[in-house]
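Here is what each chain is made of, one letter per residue.
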Protein chains: 2
Amino acid sequence: MKSAESLKTSDAVQYEGGDYDVIVVGAGHAGSEAALAAARMGNKTLLVTISLEMVAFMPCNPSVGGPAKGIVVREIDALGGEMGHNIDKTYIQMRMLNTGKGPAVRALRAQADKHAYHRQMKLTIEREPNLTLRQATVDQLIVEDGVCKGVITNTGARYHAKTVVLTVGTAARGKIIIGELQYQSGPNNSKSAVKLSENLEDLGFDLERFKTGTPPRVNGNTINFDETDIQPGDEEPHHFSFDTPDSQYIAVSDQLACWLTYTNPTTHGIIRANLDRAPMFSGMIKGVGPRYCPSIEDKIVRFADKSRHQVFLEPEGRDTDEYYLDGVSTSMPEEIQNKIVHSIKGLENAQLMRPGYAIEYDVVAPYQLHPTLETKIVKNLYTAGQTNGSSGYEEAAGQGLIAGINAGLRAQGKQPFVLKRSDAYIGVMIDDLVTKGTKEPYRLLTSRAEYRLILRHDNADFRLMEKGHAIGLVSDERLAKMEAKKAKVAAEIKRLQSIKLKPSDEKVNTFIERHGDNRLKDAVAAADLLKRPYFDYQTLLNFIPAPQDTLDRHVIEQVEIQLKYAGYIKKEEVKVERMKRMEAKRIPADIDYEDIDGLATEGRQKLEKIRPETLAQASRISGVNPADIAILSVYVRQGKFSKKGEQE
Amino acid sequence: MKSAESLKTSDAVQYEGGDYDVIVVGAGHAGSEAALAAARMGNKTLLVTISLEMVAFMPCNPSVGGPAKGIVVREIDALGGEMGHNIDKTYIQMRMLNTGKGPAVRALRAQADKHAYHRQMKLTIEREPNLTLRQATVDQLIVEDGVCKGVITNTGARYHAKTVVLTVGTAARGKIIIGELQYQSGPNNSKSAVKLSENLEDLGFDLERFKTGTPPRVNGNTINFDETDIQPGDEEPHHFSFDTPDSQYIAVSDQLACWLTYTNPTTHGIIRANLDRAPMFSGMIKGVGPRYCPSIEDKIVRFADKSRHQVFLEPEGRDTDEYYLDGVSTSMPEEIQNKIVHSIKGLENAQLMRPGYAIEYDVVAPYQLHPTLETKIVKNLYTAGQTNGSSGYEEAAGQGLIAGINAGLRAQGKQPFVLKRSDAYIGVMIDDLVTKGTKEPYRLLTSRAEYRLILRHDNADFRLMEKGHAIGLVSDERLAKMEAKKAKVAAEIKRLQSIKLKPSDEKVNTFIERHGDNRLKDAVAAADLLKRPYFDYQTLLNFIPAPQDTLDRHVIEQVEIQLKYAGYIKKEEVKVERMKRMEAKRIPADIDYEDIDGLATEGRQKLEKIRPETLAQASRISGVNPADIAILSVYVRQGKFSKKGEQE
Ligand SMILES: Cc1cc2nc3c(=O)[nH]c(=O)nc-3n(C[C@H](O)[C@H](O)[C@H](O)COP(=O)(O)OP(=O)(O)OC[C@H]3O[C@@H](n4cnc5c(N)ncnc54)[C@H](O)[C@@H]3O)c2cc1C
Ligand SMILES: Cc1cc2nc3c(=O)[nH]c(=O)nc-3n(C[C@H](O)[C@H](O)[C@H](O)COP(=O)(O)OP(=O)(O)OC[C@H]3O[C@@H](n4cnc5c(N)ncnc54)[C@H](O)[C@@H]3O)c2cc1C
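Residues numbered from 1 in each chain as written. Chains lettered and ligands numbered in written order. Predicted model: local features only at pLDDT ≥ 70, side-chain atom pairs only at ≥ 80, totals over all residues. Heavy atoms only, no water.

Chemist: Hey, could you run me through the pairing of strand 5 (residues 107-112) of chain B in this one?
Modeler: On a regular strand, one side chain projects to one face of the sheet and the next to the other, so that they alternate. All names here are of chain B. In terms of burial, strand 5 is largely enclosed, as six of its six residues are buried. Of the two faces of strand 5, the one carrying A107, R109 and Q111 and the one carrying L108, A110 and A112 are both buried. Note: strand 3 (residues 63-65) against strand 5, three bridges, orientation antiparallel. Each bridged residue has a counterpart across the sheet, and for V64 the counterpart in strand 5 is A110. (Buried < 20%, exposed > 50% of the residue type's maximum accessible area, 1.4 Å probe, protein only. Helix = DSSP H or I, 4+ residues; strand = E, 2+ residues; numbered from the N terminus. Pairing = 2+ DSSP bridges.)

Okay, structure coming up:
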């Protein structure tokens, strides 16, 4: 038998597969949110994905949340997305990070049972009435006159829809690399998708090549945990979703611990001695990797003076003893990976179960997108997630939600939905991507948000639930709950503002003096006392009457934060107002930048490439300088622009 | 960017990966048993598999057991294998089949939570001390002078071992076929293994091409169950493993039901009208399919007069609403699959989640194997499971256990272990495969066992636990438990034989007459009364004293069966004894059949091809007639044979 003959491929005969309002391609973290959102908005939705075993699968770290990302999960939840519910049902450890720091940087992080997370999301999708989940590979888009009308699968189905969302992740012409070994593959050895990328190129899309990587997994039964430091979960209950009651919190004793160890000079020596075999440096990897999730070989090269790096040992679930080695993402040859792992304290005898690897994949350069995540080249086609050049489950889910919402709104003939930078981290991310573009896998960081005291994890419900309700993703009941909470916060703040503590009040003065502060000279509102660092809400109640109804801790948290940080928050709000005025200045979609005298060449080119929708967006494009903005502003105000390509 | 360039593959640089006693390639149902057995026997064992997500994965029916197969699971359990424990931990429904028929055909069948089954087996493997589980694809065997010394993986590891077991299943040069669509793939869209097949061909192995298929899966939320008949589990507790106590039985109310519906003339019409597009008939599929698990298109063609076929709707697990359509395995185009499904009662609106498909794969023609499952071509290399031409999880697991045991024994320099046809269904299966070979995927059936009254599901512990103990897979404690049970059975039988019921006993005579039988004329032993069809053990206790200790139902079952079927059992035992004498007549390994005068040409060719190890085995080869056996018998007795290839 000839093997070439026996493995020959052939194509399916096409047939009409049915009509939908919205089709989502790829059921990763972006696609799951997109499809659920579109369906819950009342659209007949089809979700097609290469493998049903990969629905909301985590090919890298078994965790959700963390700085900035945790806030995105809250935002998704407030808007009516699924990620918060899903992780609340499947976490194995929960921790609030940065509790010692200000509220802007606090963030929740959960360790996930990654297989349970996948199963739970798949089940939710299976049970969603307007949604059909189907296994198939999309090979091609149906595009007529620049408008996307559906997709064609490898099994020959031609599915039609009003709008299509692509969330194809790292499977897009994916290639796995381990040392000198490289082969075509999606994440975790799943099937890759080749034809769709070719089709996108044919349609005129500019695809870039990115890469990301993952660490080896080891067998927990071969780890010497005694040599590492335990990292338990929190005693105090926390959840991602506003709907999950504290009573459902898993006791810390029933959570699984993580463990901390470190690389050392021996580890670094092994890596340095083998850099010629590192695909990252040998020239083998051409895709651009994530700066903020560097491989261990990258860290050793870039931070040559550091004598150690953290390595967190994270369990991958309750039903497995596999551990994820957070911190040693690598695409070094398996031989070297073994040596690296065995050089680390506690891992001397650890058995590698799977080697780490890098994956290269195609990205739709995001300057080709509107802020709605619709592509500029093909109408009614939206893209989200890793496809847009981001990295991370939360980033993908956040974009997926917005793309799904917009695909759903368009299908219903409604106005689009765009979050501003001052609305949400999701708004920051999408604006960064479509306005600034990205030359490497984009990751959300707290530092990317200029209004981070406003974009807190604790107020995502106040910020976004009304918007989610208007779209149809948040029920009246849920909205009412949020509004009741808001009212309680406002009432309590008002009450605290009305209660005055007098200089004659000995009890409070004694307390104040004990903290090295001066006795009250005038009457002071309880609200103002709370601003002092040594006061918190519970302390205050020692000196003033308790409110009529006892308040739950989420209300109290809001009261504290809103009062303590009132000054800073106010300042940011002023900035936001100023920006809003610029956001209101819309640039006509058909403006011809060639027609504007005085623009600098670079500015003109960038404006032409990005085609911003508002003056505010234009001002954030790198290479567009304030003089360009001034000229553009006048030009737009005078309304004397011509349609692109038209002769005046 | 050129896609051809970006997807280029390259090979890993090789390195020494370590020394083991036994290496098992492939962690399917065969490989999991093989590796656990070898490790539990004290061998340092490595289990290498393409994907850790596929460990003991069920690509087809989510169930374990059934006629003959259920008995194999009991046998595996009695010998110290894992399948029984694993399904007892993960079943969602349990039923004893054929309870109305004789004990020989009774069989247990469980519906599995297929993902839980996989996770549980993987966890057991992870926790086995002598066993290392590792993800990699074996590309090549290390063979020196006809002896297997290890394997080489795609990641470049050269692992050395004393013995190697191959259990590579349908991934071996796998190809998926759905209508006109075909592409290289392992089961469930997993990676296929191409290089290993090429290596086996280079080593001189005769590979055959088989195929199997699976039905579509549908979303349970779109099934109209009201139109189907419920198939609940059993009230009475049953388990596969002798170690699982009745107390762990899941209440029927907590089990998941299956549902029964039927195909109809419309279904059959759809299939008939599209036979030209059926890969089975269009000539596209070249591999030979399983006669006893035919596709629906096959059934329609072969049983043209049947107006309907059963379709069981089986849940795939607790955490999913996917349903397996047992009975409509198909590789028709997806378009036709949709029509077939929608033509069936209850499935009119059912949404297809995954299409059915056929898979073609390579098989090591099993005449190339010794009864130990060692290959004749390469020493210290064993093969098991689908690789040997069988089909089914239980068949694979049974062979895997035997191959693992023999690989382990050889690594320890010990004598091989072979089960005779009279020992176990596993013995029947392996003898069938290596002696008769198979031209299609081989499946165990009750009818294949000539001693089926001896090879019952209820006595697998009595038959095999001592053997498992001798190998080192059954603990002293477990053996003692079985022996205690055996002793109780024997004691109770002895007691029943000693208790006589007299003609003067009115109570018993009234009972006998009520059943239309004649009054006792002479004293009759209680044991003999039990043989009468209207007596069972509990009834008997109305007329005789109860035993001192109350007996558990497993002991009572044995007493009943051993007494009621004593005559038939005795007859089979006589046949077994006769066969054993022939089994004892070993044919020297180096016999030269050319040297034997008088053998018929076909007989000589077949003997040369199979090279049987005993006269008994020789007598079962099709094409070897009784005259050949008589000649061979004389020749062997006279001892006047020459070594093959030697000149006398
Ligand atoms: C090896 C690896 C390492 C990573 N490391 C990190 C890291 O360190 N930090 C980090 O933040 N993120 C990391 N990630 C990225 C993270 O996995 C992604 O950001 C996240 O999963 C993206 O979600 P997504 O929905 O955009 O894409 P995915 O989760 O990749 O989902 C895309 C889905 O679309 C399906 N699909 C693709 N093409 C088609 C098609 N043509 N038809 C139908 N379905 C299709 C795929 O099968 C897949 O299920 C890593 C990913 C990988 C694979
Ligand atoms: C589509 C389909 C339909 C089926 N239908 C039926 C049916 O109707 N009735 C029935 O009885 N049985 C059916 N089966 C067969 C059943 O799945 C098998 O009999 C059973 O799984 C065989 O077990 P195994 O251990 O021999 O092989 P598998 O379960 O296939 O396991 C083999 C393992 O080896 C791994 N592997 C392969 N090559 C390599 C390599 N080179 N290196 C490392 N690892 C490797 C694979 O990834 C896989 O995990 C079907 C199988 C498929 C795929």
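And the narrative resumes.
Chemist: I'm lost on the sheet that holds strand 3 (residues 63-65) of chain A in this one. Help?
Modeler: Within a sheet, each strand pairs with its neighbour through backbone hydrogen bonds, oriented either parallel or antiparallel. Residue and element names in this part refer to chain A. Overall, antiparallel pairing links the three strands, which are arranged 3-5-4 in an open sheet. Each edge of the open sheet carries a strand with a single partner, namely strand 3 and strand 4 (91-97). On average, each strand axis in the sheet is inclined to that of its neighbour by 15 degrees, with strand direction left out of account. As paired strands, strand 4 and strand 5 (residues 107-112) are joined by six bridges and run antiparallel to one another. Across the sheet, residue M96 finds its bridge partner in strand 5, namely L108. Where helix 4 (residues 83-90) meets the sheet, it contacts strand 3, strand 4 and strand 5, and its direction lies at approximately 115 degrees from that of strand 4. (Axes fitted to C-alpha atoms, helices over the stretch in contact; angles between N-to-C directions. Contact = heavy atoms within 4.5 Å.)

Chemist: Looking at this model, I keep getting lost on the interface of chain B and chain A. Mind explaining?
Modeler: Note: interface size is frequently given as the accessible area lost on complex formation between the parts. Chain B puts 67 residues into the contact, and the matching count from chain A is 67 residues. Where chain B meets chain A, there are eight salt bridges. Across the salt bridge formed by B:R354 and A:E53, the nearest N and O atoms sit 2.8 Å from each other. For the interface between chain B and chain A, the tally reads 42 residue pairs in polar contact (both at pLDDT 80 or more). When grouped by side-chain class, the residues that make up the side of chain B that touches chain A number 22 nonpolar, 20 polar and 25 charged. (Salt bridge = Lys/Arg side-chain N within 4 Å of Asp/Glu carboxyl O. Polar contact = N/O pair within 3.5 Å; in protein donor to acceptor, adjacent residues only side chain to side chain. Nonpolar A, V, L, I, M, F, W, Y, C, P; charged D, E, K, R; others polar.)

Chemist: Looking at this structure, how should I read the site of ligand 2?
Modeler: Residue and element names in this part refer to chain B. Taken together, 35 residues lie around ligand 2, and H29, A30, V138, Q386 and G392 are the ones closest in. Within the backbone of I50, one N or O atom sits 3.3 Å away from a nitrogen atom of ligand 2. Contact between ligand 2 and T170: an oxygen atom at 3.4 Å from a main-chain N or O atom of the residue. Here ligand 2 has 970 Å² of accessible area as a free molecule, and 97% of this is covered by the chains. When residues of the shell around ligand 2 are traced back to their parent elements, those giving at least two are helix 2 (29-40), strand 2 (45-49), strand 12 (207-214), strand 19 (357-364) and helix 11 (393-411). By residue number, the principal contributor to the shell around ligand 2 is strand 12, which donates three residues. For the shell around ligand 2, a count of residues per class yields 19 nonpolar, 15 polar and one charged. (Near = heavy atom within 4 Å. Areas by Shrake-Rupley, 256 points an atom, 1.4 Å probe, with all protein chains shown as cover.)

Chemist: When you look at helix 4 of chain A in this model, what are you seeing that I'm missing?
Modeler: Side chains that are three or four residues apart share a direction in an α-helix, a result of its 3.6 residues per turn. Burial of helix 4 of chain A is extensive: six of the eight residues sit out of reach of the surface. Within helix 4 of chain A the residues assigned to the buried category are A:M83, A:G84, A:N86, A:I87, A:D88 and A:T90.

Chemist: What should I look at first to understand the packing of aromatic side chains in this one?
Modeler: Any two aromatic rings considered together are summarised by their centre-to-centre distance and by the angle between their planes. Going through the model one piece at a time under the given rule, you end up with 20 aromatic pairs over all chains. Both rings, one in A:F225 and one in A:W259, keep their centres 4.8 Å apart while their planes meet at 45 degrees; by these two values the pair is tilted. You can see A:F225 sitting in the loop between strand 13 (217-219) and strand 14 (229-231) and its partner A:W259 sitting in strand 15 (residues 258-262), a full 34 residues away along the chain. Ring centres of B:Y20 and B:Y159 lie 6.1 Å apart, and the angle between their planes is 70 degrees; this geometry places the pair in the edge-to-face category. (Phe/Tyr/Trp six-rings, centres within 6.5 Å; stacked < 30°, edge-to-face > 60°.)

Chemist: Is there a simple way to think about the site of ligand 1 in this case?
Modeler: Residues and elements named next belong to chain A. The immediate surroundings of ligand 1 are formed by 35 residues, with H29, A30, V138, Q386 and G392 found nearest. Contact between ligand 1 and I50: a nitrogen atom at 3.2 Å from a main-chain N or O atom of the residue. G392 is positioned with one of its backbone polar atoms (N or O) 2.7 Å from an oxygen atom of ligand 1. For ligand 1, whose accessible area on its own is 970 Å², the fraction buried by protein is 97%. Within the residue set of the shell around ligand 1, elements represented by two or more residues are helix 2 (29-40), strand 2 (45-49), strand 12 (207-214), strand 19 (357-364) and helix 11 (393-411).

Chemist: Whenever I open this one, the pattern of salt bridges confuses me. Can you help?
Modeler: Across all of its chains, the model carries 104 salt bridges over all chains by this definition. The salt bridge involving A:R495 is made with A:E492; its shortest N-O contact spans 2.9 Å. On the criterion of helical spacing, the pair formed by A:R495 and A:E492 is a turn pair, its members being three residues apart in helix 14 (residues 476-498). Note on A:E492: relative accessible area 3%, which makes it buried. A salt bridge links B:R277 to B:E180; its shortest N-O distance comes to 2.8 Å. Residue B:R277 is found in the loop between helix 7 (265-273) and helix 8 (279-282), and its partner B:E180 is found in the loop between strand 10 (175-178) and strand 11 (181-184); the two are separated by 97 residues along the sequence. Relative accessible area serves as the criterion here: at 16%, B:R277 is assigned to the buried category. Members of the salt-bridge network, linked through shared partners, are A:R421, A:D431, A:D432, A:K436, A:E450, A:E583 and A:R620.

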